[in-house]
Amino acid sequence: MRTGGRDRFHNEYALRLEEKGSFGSAMRADHNDEQVSRHLWVGNLNPRVTESILAEQFLRFGELDNIALYPSRGYAFVNFRKEEDACLAMRGLQGVAVAGFPLKIEFAKGVPCKIK
């Protein structure tokens, strides 16, 4: 069994939020002006924040595909398996202090692919 990367989030962590099924559809309506996705940009991170600290916070809302942490830049990308879980995490953790810094969370913006 691999101990890191994507497999760790798929296999070792269970779902932790009981109520999420009842909120999923309502969450979409709150973000009409944003492109809803499974991918969150998480900013205003304390440079001491680790992947484990982020996982502990975000796994309460659903299964994760992965976390890409950029501590020197103060942000991370947190990727959920389901859009509904990402919406719940965004609402539940927006402004929550992690290691003394309030989180700023947005849906990650995709960059269109240019095919020649």
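Refer to the preceding data block for the structure.
Because the structure is a prediction, the values reported are computed rather than measured. (Residues numbered from 1 in each chain as written. Predicted model: local features only at pLDDT ≥ 70, side-chain atom pairs only at ≥ 80, totals over all residues. Heavy atoms only, no water.)

(A) Expanded view of the environment of I53. Inspection of the secondary structure puts I53 in helix 3 (residues 51-58). It is 8.3 Å that separates the C-alpha atoms of I53 and V98, two residues lying 45 residues apart in sequence. For I53, the contacting residues outside a window of four places in its chain are R48 and V98. (Helix = DSSP H or I, 4+ residues; strand = E, 2+ residues; numbered from the N terminus. Contact = heavy atoms within 4.5 Å.)

(B) Fine view of the environment of I67. Its location among the elements puts I67 in strand 2 (residues 64-70). Residue class for I67 comes out buried when judged on its relative accessible area of 8%. Sequence separation of I67 and L54 is 13 residues, and the distance between their C-alpha atoms is 8.1 Å. (Buried < 20%, exposed > 50% of the residue type's maximum accessible area, 1.4 Å probe, protein only.)

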